[in-house]
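Next come the chains, spelled out residue by residue.
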Amino acid sequence: MMTSKTPATARMRWAGSGAGTGCAPGGFALVNDPSRPLVVDSWLVADGRVRAWPAHLARFSSACARMTGLPAARCVEFMVASVRQIPATGRWFPRVELVMIDDQPRLQLWPRPAPARGEAVRLWISPTADQRVQPTVKGVDLDYLAELRQAAVRAGADETLILSADGRVREGTTTSVLWWRGRTLCLPPDTPHLLPGVTRAAILGLAATRGIRVQEEESRPRELAGLEVWAVNALHGIRPVRGWVGASIDAGPSHRERLWNTLLRDQAIPPSECGTAAEAPANR
């Protein structure tokens, strides 16, 4: 657990549970030499409860193994230690990172306070096609995605919608995008061009348990006019799209997001259960 002397914005590098002198409980030590991360992941902790923990664990450990060959067991141990560093009160949005130090993969935790939750989102459509190098690994394209989001903010929007070369909807810079056609929940096909969205997967799981029809669509933005469209991620949960900036697209009414956000929140578990969940990880 962070102590009162640990800055909330300070990164902490993990040396392992058996680390000795210079490390806090859990094997963490403050980082004085921040390095650009190769892989990242973040999850919401609200009053000590964690949502979609197994999925975040699986996505991060899988990406670390893919990029550097880091054993999954080491990622599991690190992630369990990390979640137990977060205070039991308040809203937190910790980020775990894989960095390379002297050509060796190292794991570190950034225990950040969570920004205020957004209630809705305005989308700006990127004028250029998706240029990500590795969409399925969260971290590789951080700089590119940050530039796109800054462009959206300059345009008066909250989020950039990324399109394929032929103008089909893929996802946002920090969100997965879903929409409703009548009683059918629709979303872009799960391809190597999409990040494995944790919140997207949680919503699909809820849809399955509630008998909701799900349909994959390769849609253009104009084909979403008048529909209930959601931009979803781990920090904000489900945010309805209330505006399309710079495009002649009418945002549809939102009737479902309050109920579905409640369903997502009900899935959160206390950190004491994260070790058990980590033993059998499932795959934004």
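Scroll up for the structure.
Here we summarise the structure given alongside this text. (Residues numbered from 1 in each chain as written. Predicted model: local features only at pLDDT ≥ 70, side-chain atom pairs only at ≥ 80, totals over all residues. Heavy atoms only, no water.)

This part is about the sheet that holds strand β6 (residues 91-92). Pairing between sheet strands relies on hydrogen bonds along the backbone, with the strands arranged either parallel or antiparallel. Read across the sheet, 3 strands follow the order β5-β4-β6 without closing on themselves; strand pairing throughout is antiparallel. For this open sheet the edge positions go to β5 (49-50) and β6, each flanked by a neighbour on one side alone. Pairing of strand β4 (residues 45-46) with β5, which is carried by 2 bridges, proceeds in the antiparallel orientation. Looking at β5, one finds that V45 is bridged to V50. (Pairing = 2+ DSSP bridges. Helix = DSSP H or I, 4+ residues; strand = E, 2+ residues; numbered from the N terminus.)

Applying the stated criterion across every chain, the model contains 7 aromatic pairs. Between F28 and F78, the aromatic rings sit 6.2 Å apart at their centres with planes inclined by 50 degrees, giving tilted as the arrangement. One end of the pair, F28, is in strand β2 (residues 28-30); the other, F78, is in helix α2 (residues 72-83), and 50 residues separate them in sequence. Judged by relative accessible area, which is 0%, F78 ranks as buried. Taken together, a centroid distance of 6.2 Å and an interplanar angle of 40 degrees make the contact between F60 and F78 tilted. Here F60, found in helix α1 (residues 53-68), pairs with F78, found in helix α2; they are 18 residues apart in sequence, far enough to count as distant. Classification of F60 by relative accessible area gives buried; the value is 1%. Pairwise contacts between aromatic rings join W14, F28, F60 and F78 into one cluster. (Phe/Tyr/Trp six-rings, centres within 6.5 Å; stacked < 30°, edge-to-face > 60°. Buried < 20%, exposed > 50% of the residue type's maximum accessible area, 1.4 Å probe, protein only.)

Okay, the pattern of salt bridges next. One pass over the structure, following the stated rule, counts 12 salt bridges. D143 is paired through a salt bridge with R36; the nearest N and O atoms lie 3.4 Å apart. Taken together, the positions of D143 in helix α3 (residues 142-154) and R36 in the loop between β2 and β3 (39-42) put the pair 107 residues apart, joining distant regions of the chain. Overall, the relative accessible area of 47% leaves R36 in the partly exposed class. In this structure, R256 and E228 form a salt bridge, with 2.8 Å as the shortest nitrogen-oxygen distance. A residue pair is termed long-range when its members are at least 10 positions apart, and R256 in the loop between β16 (237-245) and α5 (257-265) and E228 in strand β15 (residues 228-233) qualify at 28 residues. It is possible to trace a salt-bridge network through shared partners that takes in D130, R132, R170 and E171. (Salt bridge = Lys/Arg side-chain N within 4 Å of Asp/Glu carboxyl O.)

Before going further, it helps to examine the environment of H255. In this structure, H255 sits in the loop between β16 and α5. Once the C-alpha coordinates of H255 and V96 are considered, the two residues, 159 residues apart in sequence, prove to be 34 Å apart.

What follows is about helix α4 (residues 198-209). The end-to-end C-alpha distance of α4, which contains 12 residues, comes to 17 Å, matching closely the 16 Å that a straight helix rising 1.5 Å per residue would cover. Taken together, the buried positions of α4 are occupied by V198, T199, R200, A202, I203, L206 and A207. (Expected span 1.5 Å × (residues − 1).)

Okay, unusual backbone geometry next. Positive phi outside glycine occurs at A52, with the angle close to 55 degrees. Relative to the helices and strands, A52 is located in the loop between β5 and α1. Unusually for a residue other than glycine, D103 sits at a positive phi of about 65 degrees. Relative to the assigned elements, D103 resides in the loop between β7 (95-101) and β8 (104-110).

Sheet architecture is open: 8 strands sit in the order β11-β10-β9-β16-β15-β12-β13-β14, paired in mixed fashion. Each edge of the sheet is formed by a strand with only one pairing partner; in this case those strands are β11 (169-172) and β14 (213-216). For this sheet, the mean angle separating the axes of adjacent strands, direction not counted, is 40 degrees. In terms of strand pairing, strand β12 (residues 176-181) meets β15 through 5 bridges, oriented antiparallel. Pairing of V177 across the sheet is with A231, part of β15. Of the strands in this sheet, β12, β15 and β16 are in contact with α5, which crosses β16 at around 145 degrees. (Axes fitted to C-alpha atoms, helices over the stretch in contact; angles between N-to-C directions. Contact = heavy atoms within 4.5 Å.)

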